[in-house]
Structures are given as structure tokens and as C-alpha cells.
Amino acid sequence: MNTDQYLPLPELIPAALLERFRALSPAQLCDGMQSLGIPRSGCMDAELLPLDPDKLLLGTACTVDTEDGDNFPIHVAIYQGQPGYVLVVAGKANRERAYLGDLMAGAAQAVGLAGLVVDGCVRDRRPLAELDIPIYAKGFMQRSPAKHGPGRINVPVQCAGVEVAPGDLVFGDYDGITVVPRARLLEVLEAAEQKDAYEVQRRTVIADYARCRAQGDPLPPLAPGWVTELLEKR
């Protein structure tokens with residue numbers, strides 16, 4: 001085993017900070033990062049989808065770098081895992097083999113991992129969906145994994161189009177996965193909270209417009225101010 005490729009777990013993101021993120025959404029984080037000029041706004045590929053869209057994934061990234069359907073390093077990473085971490089598997093979008101199935105995912109749930117993100121295929125679709133742990137993958141393939149190793153654990157990886165470093169924040173819902181760099185958590189959080197406040201205000205405007213229309217009252221302005229400004233510049 002090439003031990004210099006198997007690094008320890010990063011420090012967990014503080015629970016109080018995670019709770020502030022939990023009040024938002026991956027889409028709002030993307031908007032916040034876009035406003036800050038962060039490449040790809042932290043959005044993983046659209047093909048990376050949740051097995052169960054009702055499960056929320058949120059935690060601190062730990063990473064695996066592997067390829068060709070080889071899941072040996074994924075096994076190692078799961079068994080050394082701890083509660084609060086999201087295992088991000090950079091599998092190079094391999095579709096020839098499944099990187100994991102319900103036994104490995106069940107083990108990940110048993111050790112307390114907060115989620116699994118697999119840039120590649122998994123198998124055992126129904127048993128996986130019945131687990132409590134949130135799982136994201138690019139598809140399903142029944143062919144069993146290879147087991148050669150060594151792969152790399154807890155190193156920076158490229159996963160589903162996004163750079164992910166151990167310790168980054170990983171947030172997923174029914175829309176997809178967003179990754180926030182550890183060094184920019186606070187500024188992204190504040191930008192996303194501003195977007196959330198804007199959305200609350202917009203929902204109030206829309207609801208007021210709908211009420212006035214239903215009652216036959218004079219209609220208030222509905223379009224956002226930025227739309228009106230752009231129209232006036234044409």
C-alpha cells in the first residue's frame with residue numbers, strides 16, 4: 001500500500017456553521033458563489049443525481065481518487081470514516097463498473113457518514129434508496145467493481161466537474177450537489193443569505209400580486225427591479 005496517498009481526515013466544519021448552511025439550499029449557495037466569481041459556482045455535473053430526492057446531504061468533504069471502477073480505496077475510506085463527513089468519490093465518470101452497492105453504503109451509514117457522492121455508477125438501486133444515508137451517483141451498473149488499488153484518499157480531487165479538497169463543504173438536495181471551498185465558507189454563506197432574503201421579498205411581492213388579481217384590486221408592480229432597469233437600457 002502506498003501510504004503517502006492515504007491521508008487522515010480533515011477537520012470537521014463547526015456544527016454552528018453547518019446549521020446556518022442548512023437553512024439555505026445548494027441553489028442559493030451556487031448563486032452566492034456566482035456573485036463572488038467562483039468558477040462553476042461550485043456546481044457538480046447535472047448528471048450527478050440523488051437516489052432519493054427527499055434526503056438532504058450536508059457535511060465536510062473527505063475524498064477518494066480512483067478510476068476504472070476500482071473500489072478498493074473506497075472501502076478503506078469508508079472504514080476509516082467518522083460521523084459528519086461526506087465521502088466524495090472522484091471516479092472519473094466510469095460507467096463500466098459499479099463503484100459500490102448496498103453493503104458498502106450500509107457500512108458507510110453504520111460509521112455515521114453524512115453522505116456518498118460518486119462520480120460514476122452504483123448498483124443495488126432499491127436497497128440503496130431504502131438506506132437513510134443520502135447517495136448521489138451518475139447511474140447504475142450491475143457489473144462488480146475492480147479491487148486493485150491503491151487510489152488516493154483525502155487529497156484534492158476533480159469530481160463531477162468541480163475541484164473538491166478535503167474539508168470543503170458539500171451540500172446536496174433534489175437539485176444536485178454544490179461544493180463550497182473551506183477557505184470561503186463565511187463569504188459564500190453571507191452572499192447566499194442575502195440571496196435568501198431577496199427570495200423571501202420576491203415571494204411576498206408575488207403573493208401580493210396574486211391576491212390583488214384574485215380580488216380585482218389594482219395590480220402592483222410584479223417584475224423585479226433589475227428586469228425593469230435592463231428593459232429601460234434597451
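Residues numbered from 1 in each chain as written. Predicted model: local features only at pLDDT ≥ 70, side-chain atom pairs only at ≥ 80, totals over all residues. Heavy atoms only, no water.

### Section: the UniProt feature "binding site: Mg(2+)" (unreviewed entry) in the chain
When the UniProt feature table is mapped to this numbering, "binding site: Mg(2+)" (unreviewed entry) covers Asp 124. Checked against the element boundaries, Asp 124 lands in the loop between β4 (115-122) and α5 (125-130). Residue Asp 124 is classed as partly exposed on the basis of its relative accessible area, which comes to 29%. Among the polar contacts made by the side chain of Asp 124, one reaches the main-chain amide nitrogen of Asp 102 at a distance of 3.0 Å. (UniProt positions renumbered as here; feature names shortened; annotations may be inferred. Helix = DSSP H or I, 4+ residues; strand = E, 2+ residues; numbered from the N terminus. Buried < 20%, exposed > 50% of the residue type's maximum accessible area, 1.4 Å probe, protein only. Polar contact = N/O pair within 3.5 Å; in protein donor to acceptor, adjacent residues only side chain to side chain.)

### Some remarks on the nonpolar core
In this structure, Ile 74, Leu 87, Leu 100, Leu 113, Leu 116 and Leu 128 are the most contacted members of the largest nonpolar core, which totals 26 residues. Elements supplying a minimum of two residues to this core: β2 (57-65), α3 (72-79), β3 (85-98), α4 (102-111), β4 and β5 (135-137). Of the residues forming this core, the biggest block, four residues, is contributed by α3. Look past the residues within four positions of Ile 74 in its chain and what remains in contact with it is Val 64, Thr 66, Leu 87, Val 89, Tyr 99 and Met 104. Core analysis: the next-biggest nonpolar cluster, separate from the first, contains 19 residues, Leu 48, Val 88, Val 157 and Cys 159 among them. (Core = buried A, V, L, I, M, F, W, Y, C linked by side-chain atoms within 4.5 Å. Contact = heavy atoms within 4.5 Å.)

### As for the pattern of salt bridges
Within the structure shown, the criterion is met by 14 salt bridges. A salt bridge links Asp 45 to Lys 138; the nearest nitrogen and oxygen atoms lie 2.8 Å apart. Highlighted residues: Asp 45 in the loop between α2 (26-35) and β1 (49-50) and Lys 138 in the loop between β5 and β6 (139-140), separated in sequence by 93 residues. Measuring nitrogen to oxygen at the nearest pair gives 3.0 Å for the salt bridge that ties Arg 152 to Asp 65. Linking Arg 152 in strand β7 (residues 152-153) with Asp 65 in strand β2, this pair joins segments that are 87 residues apart in sequence. The class of Arg 152 is partly exposed, set by a relative accessible area of 30%. Classification of Asp 65 as buried rests on a relative accessible area of 15%. The structure contains a network of salt bridges with shared partners spanning Asp 31, Lys 195, Glu 199 and Arg 203. (Salt bridge = Lys/Arg side-chain N within 4 Å of Asp/Glu carboxyl O.)

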